[in-house]
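Overview (structure and organization)
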Amino acid sequence: MPKAQETVLEIDLGALAHNYKTILSQVPENVKFMAVIKAYAYGNDSINIARKLEELGADYFAVAYIQEGVRLRQAGITTPIMIFHPQQENFDQLIENCLEPSLYSDRLLTDFIATAEKLGQKDYPVHIKFNTGMNRLGFSPKKVETVFERLATTSAIKVHSVFSHLAASDDWQEREFTLQQINTFRKIAARFVEEFSYEPILHVCNTSAIFNYPEAAMSMVRCGIGLYGFGNDKEIDKKLKPVGTLKTLISQIQHLEEGETVGYNRTFKATRPSRIATLPLGYADGIHRKYGNEKTGVLVHEQFAPIVGNICMDILMIDVTDIDCEEGDQVVIFGEQPHATDFAAAGKTISYELITGISQRVTRRIIQA
Ligand SMILES: *Cc1c(COP(=O)(O)O)cnc(C)c1O
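The structure displayed is predicted, hence computed values, not measured ones.

A few words now on the UniProt feature "domain: Alanine racemase C-terminal" (unreviewed entry) in the protein chain. The UniProt record annotates "domain: Alanine racemase C-terminal" (unreviewed entry) at residues 243-367. Taken as a whole, residues 243-367 contains 10% helix and 36% strand, while its terminal C-alpha atoms sit 10 Å from one another.

Structure below.
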């Protein structure tokens, strides 16, 4: 077993390529692929992920905020980048960096037109977002005609795509609601196609929808979590490979007598003579306190070791009484095994929150394909 050097998040670009190709094979031939790489590519190092996805042929990137897009441009990424949630005060910077805003309200549309006109733009690419039931961001479907009126007043911007976001594409119990959202969007899309002399790109599908509602692929899909190896479903997970593996090493092993306790507030009490291993990562690295006190565990030499006691800021402890291991040995927090979906579930959350939460303090190590 190779000795680990420090806590690292290994990023397997071969797994990324596998996931990209697997998901692409789910969508019809000429559907465009938007790779969602917000939040540091879901914690996986957005620049290296973006470079690999460019090489693989992704048509579009999306991030949440302008600064995320600026960083990608500074790293030399040239693929179109959509900004899901741009903030008005940085519109100049957005245009300077050739980033493309999602415009989801009257206020934003008006302000963006003003900035584009001020900077002498013509046909600057924008994306119009409609709210079809998520009730988060988006124009009301009733606003379609108002949007057309506003667009008719300027030649500074051009609608490259029209889209909406599904609230429960991973939940079969909400199938009826999802179909209703898709249907509402289809009507909006039809009006756009009718109104313009060209057809903007139309898109509603996130990862779960790509698998669960393939008939709704339209002209582009927006894929995030699937690229990183998770599908919100056991069957989909089987087809994908986790890109990130969080590894660390044993700093020290403590030998406890029965009745001794571990960590802050003494929440673990040894019921037998025990060996407790200390690991150099904690809640400041994104392994939150909710995973402590035997809610879940990690793998040491492929054997399960429960996390015991309260997780500390920089440190956590595991029970290795039944495992043959020593200081310096490697430990896997999550990856193929334990699967991040299961690890997250033990903390009553989802893979998205776990993987995006691994802090920047953790070294990322890129494994080339
Ligand atoms: C984050 C996000 C996505 C990606 O969703 P996944 O479930 O990770 O595929 C797609 N569209 C929008 C608007 C998003 O905010």
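So much for the structure itself; the text now carries on.
Before going further, it helps to examine the site of the ligand. As a structural note, the neighbourhood of the ligand is formed by 14 residues, with Lys38, Tyr42, Thr207, Ile225 and Tyr352 the closest of them. Taking Arg222, its side chain carries an N or O atom lying 2.8 Å from a nitrogen atom of the ligand. When isolated, the ligand has an accessible area of 390 Å², and the protein chains bury 94% of it. Put simply, the parts of the chain that give the shell around the ligand at least two residues each are α2 (38-42) and β9 (220-223). Classifying every residue of the shell around the ligand gives 6 nonpolar, 4 polar and 4 charged.

Let us look at helix α7 (residues 144-152). The set of residues buried in α7 consists of Val144, Val147, Phe148 and Leu151. Projection of α7 onto a plane perpendicular to its axis shows the buried side chains occupying an angular sector of 100 degrees, all on one side. Of the surrounding secondary structure, the elements contacted by the buried residues of α7 are α6 (106-118), β6 (124-130), β7 (157-164) and α8 (175-195).

Attention now moves to the pattern of salt bridges. The full count for this structure, using the stated rule, is 15 salt bridges. Glu10 serves as the salt-bridge partner of Lys247, at 3.1 Å between the closest nitrogen and oxygen. Here the residue Lys247 occupies a position in strand β10 (residues 244-249), and Glu10 occupies one in strand β1 (residues 8-12), the gap between them amounting to 237 residues. Each of the two residues, Lys247 as well as Glu10, counts as buried. Connected through shared salt-bridge partners, Glu145, Arg191, Glu194 and Glu195 make up one network.

The domain boundaries assigned to the protein chain delineate domain 1 (31-228) and domain 2 (244-367). Measuring from the centre of the C-alpha atoms in domain 1 to the corresponding centre in domain 2 gives 38 Å. Contacts between domain 1 and domain 2 engage 9 residues on the former and 8 residues on the latter. For the pair domain 1 and domain 2, the two sides together bury roughly 810 Å², of which 60% comes from carbon and sulfur. Three residues stand out in domain 1 for area buried against domain 2, namely Tyr40, Tyr42 and Ile225, and they jointly supply 50% of the buried area on that side. If you look at where domain 1 meets domain 2, you find 0 salt bridges. Between the two partners, domain 1 and domain 2, sit 2 residue pairs in polar contact (both at pLDDT 80 or more).

Analysis parameters
- Residues numbered from 1 in each chain as written.
- Predicted model: local features only at pLDDT ≥ 70, side-chain atom pairs only at ≥ 80, totals over all residues.
- Heavy atoms only, no water.
- UniProt positions renumbered as here; feature names shortened; annotations may be inferred.
- Helix = DSSP H or I, 4+ residues; strand = E, 2+ residues; numbered from the N terminus.
- Near = heavy atom within 4 Å.
- Polar contact = N/O pair within 3.5 Å; in protein donor to acceptor, adjacent residues only side chain to side chain.
- Areas by Shrake-Rupley, 256 points an atom, 1.4 Å probe, with all protein chains shown as cover.
- Nonpolar A, V, L, I, M, F, W, Y, C, P; charged D, E, K, R; others polar.
- Buried < 20%, exposed > 50% of the residue type's maximum accessible area, 1.4 Å probe, protein only.
- Arc of directions from axis to C-beta.
- Contact = heavy atoms within 4.5 Å.
- Salt bridge = Lys/Arg side-chain N within 4 Å of Asp/Glu carboxyl O.
- Domains from an automatic or database assignment.
- Buried area = accessible area lost by both parts, 1.4 Å probe.

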